[in-house]
Amino acid sequence: MQVQNYKQLTLPANSIIFEEDSPGDSAYLLKTGQVELSKHVNGIKRKLTVLKAPIMFGEMALIMPEQKRTAGAKTLTECELVVITQSRAPLKTPRAEIG
């Protein structure tokens, strides 16, 4: 994967990358910084984990684009991200037909 062919973002700390239950259309490669993943459980926002660069997240949006996001993501520090959309994903997962 050649990173220069993908959209790159620099976001300040406390920026929302995506919200829980929002439609997913892209995954993210965290090049620098830290991102918090969180989820609402019984109406209370719970921190799931803190991601540290380098790592990819949100990849389920590429595998199952019809599903909504299962967690939210926000920057804890300034972050550099590479955005990988469904149309730009290097691999396509074949869909199994049932029935």
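This is a predicted model, so every value here is computed, not measured.

K.L.:
I would appreciate a short explanation of the overall build of the protein chain in the present structure.
P.N.:
Looking only at helices and strands, the protein chain has one helix and eight strands in total. Helices (α) and strands (β) of the protein chain occur, in sequence order from the N terminus, as β-β-β-β-β-β-α-β-β. Considering only contacts in the protein chain between residues 6 or more positions apart, those separated by 24 or more positions represent 74%. If you sum the accessible surface of the protein chain, you get close to 6,600 Å²; carbon and sulfur atoms cover 53% of it.

K.L.:
Looking at this model, I keep getting lost on the sheet that holds strand 4 (residues 34–41). Mind explaining?
P.N.:
Consider a sheet: its strands pair through backbone hydrogen bonds, and that pairing is either parallel or antiparallel. In space, the four strands of this open sheet follow the order 2-7-4-5, with antiparallel pairing throughout. The two strands at the open ends of the sheet, each matched to only one other strand, are strand 2 (16–18) and strand 5 (44–52). Mean inter-strand twist for the sheet, computed between neighbouring axes without regard to direction, equals 30°. Two elements, strand 4 and strand 7 (residues 72–75), share four bridges in a ladder whose sense is antiparallel. Bridge assignment links Leu37 to a residue of strand 7, and that residue is Ala73.

K.L.:
Explanation requested: the packing of aromatic side chains in the structure shown.
P.N.:
Both the distance between ring centres and the angle between the ring planes are used here to describe each pair of aromatic rings. Inspection of every chain in the model, using the stated rule, returns three aromatic pairs. Seen from their ring centres, Phe18 and Phe57 are 6.1 Å apart, and the 35° between their planes marks the pair as tilted. A residue pair is termed long-range when its members are at least 10 positions apart, and Phe18 in strand 2 and Phe57 in strand 6 (residues 55–57) qualify at 39 residues. For the residue pair Phe18 and Phe57, the accessibility class agrees, reading buried in each case. Ring centres of Tyr28 and Phe57 lie 5.6 Å apart, and the angle between their planes is 20°; on these two criteria the pair is classed as stacked. Of this pair, Tyr28 sits in strand 3 (residues 26–32) while Phe57 is found in strand 6, placing the two residues 29 residues apart along the sequence. Given a relative accessible area of 9%, Tyr28 falls into the buried group. Cluster of aromatic residues (ring-pair linked, three or more members): Phe18, Tyr28 and Phe57.

Scoring rules and cut-offs
Residues numbered from 1 in each chain as written. Predicted model: local features only at pLDDT ≥ 70, side-chain atom pairs only at ≥ 80, totals over all residues. Heavy atoms only, no water. Helix = DSSP H or I, 4+ residues; strand = E, 2+ residues; numbered from the N terminus. Contact = heavy atoms within 4.5 Å. Areas by Shrake-Rupley, 256 points an atom, 1.4 Å probe, with all protein chains shown as cover. Pairing = 2+ DSSP bridges. Axes fitted to C-alpha atoms, helices over the stretch in contact; angles between N-to-C directions. Phe/Tyr/Trp six-rings, centres within 6.5 Å; stacked < 30°, edge-to-face > 60°. Buried < 20%, exposed > 50% of the residue type's maximum accessible area, 1.4 Å probe, protein only.

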